[in-house]
There are 2 protein chains.
Amino acid sequence: MTADQNAAPMFKLYGMTGSGNCEKVRIIADALGLAYEWIEVDVFGGETRRPPFLSDVNPGGQVPAVVFADGRRLTQSNAILLHLDTEGRFVPDDPFRRAEMLSWMFWEQYSHEPTIAVRRARLKFLSMKEDELDPKLKAGGEAALARMNEVLSRQDWLVEGAAPTLADIALHPYTRDAEDGGFALADYPGVQAWLARGASAFGRASSG
Amino acid sequence: MTADQNAAPMFKLYGMTGSGNCEKVRIIADALGLAYEWIEVDVFGGETRRPPFLSDVNPGGQVPAVVFADGRRLTQSNAILLHLDTEGRFVPDDPFRRAEMLSWMFWEQYSHEPTIAVRRARLKFLSMKEDELDPKLKAGGEAALARMNEVLSRQDWLVEGAAPTLADIALHPYTRDAEDGGFALADYPGVQAWLARGASAFGRASSG
C-alpha cells in the first residue's frame, strides 16, 4: 500500500480502484516514496454524494481526495500531483517546458478524460452498450489519441526532454485503459511506445 | 488593446470575443501590463478546425492560444495564466494555498466551464432552446455555483487570504456571464459579492 510500510502515512487517499484519476496519485506517491493510506470509496454506490464524504472529505463530491495528517484537504488529481511533487522531480526546470506540462495537464482534464475515460466508465462500470453512447465521445477520444500520437511519434515524452513529467503521469492510466472504452491503441503506435516507456519509468503493476 | 500601446507585443493572443476562456488571458495580461496583439478567431465559422489555425497556432483546435514573439506556442487558458504571471503576483506564496489555487483552476475546467459555459454557448451562440439542452448542464452548473457560494459566503476569495489569485481570475468571466446560460446569480449572493470584488480588482469593462 505504501512505499514504506513502517512510515506513518502523511495522507489518506480517498479513491476508487479502476479510476485513472485516482491511480495517478498512487503513481506519484509511489514514485516519490510517500507513505499514504488508501481508502476505497464506493463511487457508483453514491458514497461521494452524501455525508460523511461530502462533509468531511470533499464537498465537491469527487475522488481522488487527499486528507493530510494535519487535517488539510486537497482535491483535483492534477493539483494533488503538483503539490505532492514538492521538489519537482517530475517538473521541468525550464519555465516554458513547465508551462507546456501544465498545458497537457489541463488538456487531459478537458479533452482526454471527458471522452476516453467517460466512454470507458459507461461501458465498463455502467454496462452501457456501444449504441447507447454519444458518438461525440468516440470522436473526441480518437482526436485526443491522434494528437498525442502525433507528438509522441517524434519525442519520447509529452514535454520535449529526456525525462517524464507530471503530464506523462497524468495521461498514463486512462490512455493505457483506453481499450476498455472501445479505442484501439494499435492505431496509435507512438502512444503505445510511450505507454511502455511510462510503465517502465513509473508504472504500477495494476490499476488497483 | 494593450496596456502599453507603444510596447512591442510579447505575444499574439488568438481568441474569440465573448469566450471567458479567452477573456481570462486578457485579464491577466492587462493586470500585469503585458503588451499583446489580439487576433479574433471565428470559432463558430470553423476557423479553429482547419489550417492555418490547426497547423500554425494550435493543433488541438482550441482558443485561447498564444504565440510568443520567438514563435513558441502555448495553449490551455489556465496554463497560459500560470505562465504569464512569471512573478506570481496572483499566486499565493504558501505552497498549500498555491495547491488550493490549482485545485480551483482544474475544477473550473472540469466542472464549471463544461456546464455553465457550455450551456451559455448553446443558448447564446448556437441559438438552441432551453428544452433542447441536456438537463445535466443545468444541474451541474447549479452545483458548481452552490459550491462557490458556500466558500465565498465565508471568505473574500476562493483561496483564503487577503488577495485574489489566478483562481479568481479563471472563474470570473464565465461566472459573471452565467445568466446568459440561464443561471440566476441572485440565488448566490456570496458569488455576486465576489464578482463585484473581482470586477474592482481586475475586471475588464466588457467581455470583448
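Calculation criteria
Residues numbered from 1 in each chain as written. Chains lettered and ligands numbered in written order. Predicted model: local features only at pLDDT ≥ 70, side-chain atom pairs only at ≥ 80, totals over all residues. Heavy atoms only, no water. Phe/Tyr/Trp six-rings, centres within 6.5 Å; stacked < 30°, edge-to-face > 60°. Helix = DSSP H or I, 4+ residues; strand = E, 2+ residues; numbered from the N terminus. Buried < 20%, exposed > 50% of the residue type's maximum accessible area, 1.4 Å probe, protein only. Core = buried A, V, L, I, M, F, W, Y, C linked by side-chain atoms within 4.5 Å. Contact = heavy atoms within 4.5 Å. Axes fitted to C-alpha atoms, helices over the stretch in contact; angles between N-to-C directions. Parallel < 35°, antiparallel > 145°, perpendicular 65-115°, else oblique. Left-handed = near helix turned anticlockwise from the far one by under 90°. Nonpolar A, V, L, I, M, F, W, Y, C, P; charged D, E, K, R; others polar. Salt bridge = Lys/Arg side-chain N within 4 Å of Asp/Glu carboxyl O. Domains from an automatic or database assignment. Buried area = accessible area lost by both parts, 1.4 Å probe. Polar contact = N/O pair within 3.5 Å; in protein donor to acceptor, adjacent residues only side chain to side chain.

1. Describing the packing of aromatic side chains
Residue and element names in this part refer to chain A. Enumeration according to the criterion identifies 13 aromatic pairs over all chains in this entry. Residues Tyr-14 and Phe-53 carry aromatic rings whose centres are separated by 6.3 Å and whose planes lie at 75° to one another, so their mutual orientation is edge-to-face. Of the two residues, Tyr-14 sits in strand E1 (residues 11–15) while Phe-53 sits in helix H2 (residues 53–57), which places them 39 residues apart along the sequence. Here Tyr-14 matches Phe-53 in class, with each residue buried. An angle of 90° between the planes, with centres 5.1 Å apart, marks the rings of Trp-104 and Trp-107 as edge-to-face. Taken together, the positions of Trp-104 and Trp-107, both in helix H4 (residues 95–125) and three residues apart, correspond to about one turn of that helix.

2. Section: the nonpolar core
Among the nonpolar cores identified, the biggest contains 118 residues, and Leu-166 of chain A together with Leu-166 of chain B are the most heavily contacted of them. If we ignore the near neighbours within four places in the chain, the residues touching Leu-166 of chain A are Ile-28, Leu-81, Leu-82, Asp-85, Phe-90, Val-91, Met-101 and Met-105 of chain A.

3. Quick look at the packing of H4 of chain A against helix H3 (residues 77–84) of chain B
For any two helices packed against each other, one specifies the crossing angle of their axes together with the interaxial distance. Viewed as axis vectors pointing N to C, H4 of chain A and H3 of chain B meet at an angle of 155°, and their least axial separation amounts to 8 Å. Relative to H3 of chain B, H4 of chain A is oriented roughly antiparallel. As H4 of chain A runs across H3 of chain B, the sense of the crossing is right-handed. Contacts from Pro-95, Phe-96, Ala-99, Leu-102, Ser-103 and Phe-106 of chain A of H4 of chain A reach H3 of chain B at Asn-78, Ala-79, Leu-82 and His-83 of chain B. The residue inventory of the contact of H4 of chain A with H3 of chain B, partitioned by class, reads seven nonpolar, three polar and no charged.

4. Overview of the pattern of salt bridges
This model, assessed by the stated rule, comprises 20 salt bridges over all chains. Salt-bridge contacts for Asp-180 of chain A lead to Lys-124 of chain A; the nearest nitrogen and oxygen are separated by 3.7 Å. With Asp-180 of chain A in the loop between helix H6 (166–176) and helix H7 (189–202) and Lys-124 of chain A in helix H4, this residue pair connects regions lying 56 residues apart in the sequence. You can call Asp-180 of chain A partly exposed: its relative accessible area is 33%. A relative accessible area of 43% places Lys-124 of chain A in the partly exposed class. The partner of Arg-119 of chain B in a salt bridge is Glu-130 of chain B, and the shortest N-O contact between them spans 2.7 Å. Of the two residues, Arg-119 of chain B sits in helix H4 (residues 95–125) while Glu-130 of chain B sits in the loop between H4 and helix H5 (135–152), which places them eleven residues apart along the sequence. The partly exposed category is assigned to Glu-130 of chain B, whose relative accessible area is 45%. One connected set of salt bridges, linked through shared partners, spans Glu-23, Arg-120, Lys-124, Arg-176, Asp-177 and Asp-180 of chain A.

5. A few points about the domain arrangement of chain A
Residue and element names in this part refer to chain A. Along its sequence, chain A is organised into domain 1 (11–84) and domain 2 (95–202). Taken together, the contact pairs 15 residues of domain 1 with 16 residues of domain 2. Both faces combined, the contact of domain 1 with domain 2 buries some 1,400 Å², and carbon together with sulfur accounts for 65% of it. Three residues, Ile-27, Phe-44 and Leu-82, lead the burial of domain 1 against domain 2; their summed loss comes to 33% of the area buried on that side. At the surface where domain 1 touches domain 2, the tally comes to two salt bridges. Here Glu-23 and Arg-176 are joined by a salt bridge, their closest N and O atoms 2.7 Å apart. On inspection of domain 1 and its partner domain 2, the count reaches ten residue pairs in polar contact (both at pLDDT 80 or more). Listed by contribution, the elements that provide at least two residues to the side of domain 1 that touches domain 2 are helix H1 (20–32) and helix H3 (77–84). By residue class, the composition of the side of domain 1 that touches domain 2 is six nonpolar, seven polar and two charged.

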